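# Structural features, examined
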Amino acid sequence: MCGVFGLVAHEPVNQLLYDGLQMLQHRGQDAAGISTLEGQTFHMHKGKGMVREVFRTRNMRELTGNTGIGHVRYPTAGNAGSTAEAQPFYVSSPFGIVLAHNGNLTNTDELYQSVCDKHLRHVNTGSDSEVLLNVLAHELRREVTASDGHILSTDHIFNAVSSLHKLVRGAYGVVALIAGYGLLAFRDPFGIRPLALGRNINEKGQTDWAVASESVVFNSLAYELVRDIAPGEAVFISNDGRLYSRQCAGAPKLAPCLFEYVYFARPDSVIDGVSVYQARVNMGVALAEKVKSEIDPADIDVVMPIPDTSRPSAMELAAHLGKPYREGFIKNRYIGRTFIMPGQATRKKSVRQKLNPMDSEFKGKNILLVDDSIVRGTTSREIVEMAKAAGAKKVYFASAAPEVRYPNVYGIDMPTREELIANGRSAAQIAAEIGADGCVFQNLADLENVILGMNPAIEGFDDSCFSGRYLTGDIDEAYLQRLSDSKSSGAAAFVRSGLIDHSVRVEDGNEE
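None of the values given here were measured: they were computed from a predicted structure.

## Side note on the confidence of the model for the chain
With 91% of its residues at a pLDDT of 70 or more, the chain shows a mean pLDDT of 90. Under a pLDDT of 50 for its full length, residues 337–343 has, in the predicted model, 26 contacts with residues more than four places off or in other chains. In this model residues 491–505 is a low-confidence stretch, pLDDT under 50, and it forms 79 contacts with partners more than four residues away in sequence or in other chains.

See below:
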C-alpha cells in the first residue's frame with residue numbers, strides 16, 4: 001500500500017507536497033519521493049525512510065516549480081532494500097514523464113515482455129510501477145506518432161490511458177507529470193485503489209488543483225474535496241490550471257478495496273463518498289450483534305480496543321453491549337509498525353515494546369479485545385498472552401473484519417495462504433491458536449452492507465482476501481502458487497509475476 005499526491009498550483013508546491021505526504025505517511029513508511037516540474041525541467045529527490053527523514057532543507061530548495069507529485073511507499077516483497085525502487089519513476093521519452101503509483105499489477109510479466117522485448121524499452125528495477133510508466137510512455141508516443149505531429153493534445157493523453165486500461169490488469173491509482181504539459185491522474189477500471197480530486201481558490205481567484213490517495217490531505221492544506229476520481233477515469237490538469245477529464249474505460253465498475261475502510265485509510269478520510277470513521281463506527285454495531293450470538297454478554301466485563309484502528313468499532317460495540325469501554329493497552333508511538341520488522345523474534349519483541357498493558361484494567365476481569373483484523377495471528381497471540389499475564393481471567397477476541405483466508409494481489413502484501421491463521425481453521429480453532437477463550441469475526445455480508453449503506457452507488461468490492469474472488473479475472477491457483485513460491489524462496493525482484501513490489505506487509509491489525 002502506498003500514497004500518491006499531485007499538485008498544480010499558482011505558487012511553489014514543494015512545501016505543499018511535503019506537508020501532504022506527511023498526511024499520507026500511514027500509507028507508506030519505507031520510502032518517499034517528490035518530483036516537481038518547472039517548465040520543461042523535472043527536479044526530483046527520493047530515498048528510503050519516512051518523509052521527515054528523506055527531505056532536508058537543501059533538497060526542498062532544489063524542488064522548484066508550481067507543479068509536482070509525491071509518493072510514500074511501504075517495504076517491498078521484491079527488492080525492499082533498493083533505493084532505486086523509491087518513487088516517482090522517470091522516463092525521458094516521449095516528452096519526459098515521471099510517475100507515482102499506488103496498487104499492484106497482476107499481468108506484469110506479460111507487460112514486461114511487451115515493453116522490453118517488443119517495444120525495446122528499458123526497465124531498470126523490479127517495480128511494476130516502472131513497467132506501468134513505460135506502458136504509458138509507449139502509448140503516448142504511439143498516439144502522437146499516429147497524428148504525424150509533435151504536440152501532445154488532451155485527446156492523445158486520454159486515448160493513451162484508454163489503451164493502457166485495455167493492456168493493464170490489476171489495481172492502480174496513478175499521478176504523473178508530463179514535461180511542458182501538466183499533471184495526469186487516472187484510476188483502474190474497478191476503482192480498487194482510492195484517488196480523489198481537490199481544489200483551492202487562492203486570494204487572486206485562481207484555482208489550484210490537487211489529486212491524492214486520501215481526502216485527509218486536502219483538509220490539512222485548506223483545499224476542498226471536489227469528488228473521487230471515478231473508476232477508469234483520467235483527469236489532466238495543464239500547467240496553467242485548466243482541468244480536463246474523460247472516462248477512459250469501456251466497462252468501469254466502482255468496487256473499492258474493503259481493507260481501506262477496515263484498516264488502511266485514516267479515519268478522517270472520505271473514500272468514495274464514505275466516511276472511514278463512520279464506517280468503522282458502524283462496523284462496531286454489526287460486530288456487536290455477531291458477538292451477542294456467539295458469546296454470552298454476561299461473561300464479558302469490559303471491552304478494550306487494540307490501538308488504534310479498532311477504537312471506533314470497539315467504542316460502539318461496547319455501547320451496544322452495554323459494557324464498560326476501557327483503554328487497557330497504552331501505545332508507545334515511537335516504535336514502528338510491527339509488520340515491518342524483519343524476522344519473527346524482532347516482531348515479537350516489537351509488540352511487547354509497542355503495547356503496554358495496565359494491570360489494573362485486566363486483573364480479575366473477563367476481557368473482550370477488539371481488533372480491526374487478524375491476519376497471521378502472531379501479534380494477536382502476543383496480545384492475548386499479555387492480557388492474561390496482566391491478570392485477565394478470560395480473554396475473548398473480536399475482529400471487525402472477517403477471516404482473512406486468501407492472499408491479496410492488488411497492493412496489499414499479505415502472507416501466503418499457508419501463513420494465514422484462518423487458512424483451514426474455524427473461529428474456535430483460531431481462538432485456540434492465539435490462546436483466546438473465544439474468537440468472533442465480522443460477517444462479510446454485514447461488513448459490505450455497512451459500506452453500501454453509506455453509499456449505495458458502490459457496485460461491489462474487492463473482498464478477495466476474505467472471499468477468494470478476484471475482480472480482474474486473471475488470478476487462478478497457478479498464479480497464487482507462483483506468488484507463494486516467490487515469497488517462500490525470497491525470489492529476486494525481477495521474478496515479477498506475483499511480486500507486490502511496493503505493498504504494505506500485513507501481519508495483524510494495529511495501525512501505526
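There is more to say after this.
## Examining the side chain of Thr472
Turning to its location among the elements, Thr472 is positioned in the loop between α16 (464–467) and α17 (477–488). Reaching out from Thr472, the side chain makes a polar contact with the side chain of Tyr410 at a distance of 2.7 Å. Among all residues touching Thr472, those that are not within four sequence positions of it are Thr106, Arg169, Gly170, Phe190 and Tyr410.

## Here's the deal with the pattern of salt bridges
Where charged atoms from two side chains of opposite charge approach closely, those side chains can pair. Under the counting rule described, the total for this entry stands at 30 salt bridges. Salt-bridge contacts for Asp474 lead to Arg169; the nearest nitrogen and oxygen are separated by 3.0 Å. Taken as a pair, Asp474 in the loop between α16 and α17 and Arg169 in the loop between α6 (154–167) and β7 (170–178) lie far apart in primary sequence, 305 residues in all. One salt bridge in this structure joins Asp308 and Lys331, with 3.5 Å as the shortest N-O distance. Of the two residues, Asp308 is situated in the loop between β16 (302–305) and α10 (311–321) and Lys331 in strand β17 (residues 329–331); the sequence distance between them amounts to 23 residues. On the basis of relative accessibility, which here comes to 12%, the residue Asp308 falls in the buried class. Judged by relative accessible area, Lys331 falls into the buried class, the value being 12%. Through salt bridges that share partners, Arg27, Arg193, Glu214 and Glu260 make up one connected network.

## So, the pairing of strand β13 (residues 243–247)
Judged from the 5 bridges that link them, strand β12 (residues 233–238) and β13 form a sheet pairing that is antiparallel. When the bridges of β13 are listed, Ala234 appears paired with Arg246.

## Observations regarding the state of the cysteines
What the rule picks out here adds up to 0 disulfides. Take Cys2: it sits in no disulfide, and the sulfur closest to it among the cysteines is that of Cys257, at 13 Å.

## Quick notes on the nonpolar core
Ranked by size, the top nonpolar core spans 39 residues in total, and within it Phe259, Tyr261, Met283, Val404, Val409, Ile451 and Phe466 carry the most contacts. Within the residue set of this core, elements represented by two or more residues are α8 (258–264), α9 (276–294), α15 (444–452), α16 and α17. It is α8 that provides the largest number of residues to this core, a total of 6 residues. Leave out the neighbours within four places in its chain, and Tyr261 touches Pro256, Ile271, Asp272, Val274, Val276, Arg280, Met283, Ile451 and Ile458. If you look at the next biggest cluster of nonpolar residues, it comprises 34 residues, including Leu133, Leu136, Ala160 and Ile178.

## Some words on the packing of α9 against α15
The interhelical angle for the contact between α9 and α15, taken along N-to-C directions, is 140°, at an axis separation of 9 Å. Comparing the axis directions of α9 and α15 gives the class oblique. Seen along the crossing, α9 lies across α15 with a hand that is right-handed. Residues Ala279, Asn282, Met283 and Ala286 of α9 form the contact with α15, whose own contacting residues are Asp446, Leu447, Val450 and Ile451.

## Some thoughts on the sheet that holds strand β3 (residues 41–48)
What the 7 strands build is an open sheet, ordered β3-β2-β4-β1-β10-β9-β11; its pairing is antiparallel. Edge positions in the sheet fall to β3 and β11 (224–228), since each of these pairs with one other strand and no more. For this sheet, the mean inter-axis angle between neighbouring strands, taken without regard to orientation, is 15°. By the bridge criterion, 4 bridges tie strand β1 (residues 3–8) to strand β10 (residues 207–212) in an arrangement that is antiparallel. Paired with Leu7 across the two strands is Ala210, which belongs to β10. Against the sheet, helix α1 (residues 14–23) makes contact with β1, β2 (31–38) and β4 (67–73), and its axis sits at roughly 155° relative to β2, the strand it touches most.

Calculation notes
Residues numbered from 1 in each chain as written. Predicted model: local features only at pLDDT ≥ 70, side-chain atom pairs only at ≥ 80, totals over all residues. Heavy atoms only, no water. pLDDT = per-residue confidence, 0-100. Contact = heavy atoms within 4.5 Å. Helix = DSSP H or I, 4+ residues; strand = E, 2+ residues; numbered from the N terminus. Polar contact = N/O pair within 3.5 Å; in protein donor to acceptor, adjacent residues only side chain to side chain. Salt bridge = Lys/Arg side-chain N within 4 Å of Asp/Glu carboxyl O. Buried < 20%, exposed > 50% of the residue type's maximum accessible area, 1.4 Å probe, protein only. Pairing = 2+ DSSP bridges. Disulfide = S-S within 2.5 Å. Core = buried A, V, L, I, M, F, W, Y, C linked by side-chain atoms within 4.5 Å. Axes fitted to C-alpha atoms, helices over the stretch in contact; angles between N-to-C directions. Parallel < 35°, antiparallel > 145°, perpendicular 65-115°, else oblique. Left-handed = near helix turned anticlockwise from the far one by under 90°.

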